[in-house]
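For reference, the chains in residue letters:
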Amino acid sequence: MGYSFEHVDLPEPAATARAHAEACMDLNGSCGNWPQCYEEYSSLAATYQFALNIAGMQFCRERMRWAGMTYQATPQPFPDW
C-alpha cells in the first residue's frame, strides 16, 4: 500500500495544468490532448508531490499528530449492501 500527496495550492502554471488534466480525466481522456495534458501536469507538479509506503506513513502520521494536524473522528458505519 502506498500514499501519494500533493500540495493543494499549486503555483501557476502547474495549477492550470492540473485543472486541465482533471477535466480531461472527467471526459475519459477524450479532450484530444490525452495523455499529453496529463504528462504536462505531472512534470509541472512533480516538485510538489511525494509518496510514502506504509512504514513512511507511520512516521508521517506520528509527526502530523504531534503538530496538531490530525483529529479523532467518529467511525462511520459501513453501508449496507
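Everything below is about the structure shown above.
Basis of the calculations
- Residues numbered from 1 in each chain as written.
- Predicted model: local features only at pLDDT ≥ 70, side-chain atom pairs only at ≥ 80, totals over all residues.
- Heavy atoms only, no water.
- Core = buried A, V, L, I, M, F, W, Y, C linked by side-chain atoms within 4.5 Å.
- Buried < 20%, exposed > 50% of the residue type's maximum accessible area, 1.4 Å probe, protein only.
- Helix = DSSP H or I, 4+ residues; strand = E, 2+ residues; numbered from the N terminus.
- Salt bridge = Lys/Arg side-chain N within 4 Å of Asp/Glu carboxyl O.

Q: Just to check I follow, could you spell out the nonpolar core for this structure?
A: In summary, soluble globular proteins display a tendency toward joint burial of nonpolar side chains. Judged by nonpolar contacts, Leu-10, Ala-14, Ala-17, Ala-21, Tyr-41 and Ala-45 together constitute the single largest core of six residues. Breaking this core down by element, the ones donating at least two residues are helix H1 (14-26) and helix H2 (36-45). A per-element tally of this core places H1 first, with three residues.

Q: Help me understand the pattern of salt bridges, please; the structure alone is not making it clear to me.
A: Close approach of charged atoms allows side chains with opposite charge to pair. All chains considered together, the criterion is met by two salt bridges. Here Glu-6 makes a salt bridge to Arg-18, at a shortest N to O gap of 2.5 Å. Separated by 12 residues along the polypeptide, Glu-6 in strand E1 (residues 2-6) and Arg-18 in helix H1 bring together distant segments of the chain. Taking the relative accessible area as the measure of exposure, Glu-6 reaches 25% and is therefore partly exposed.

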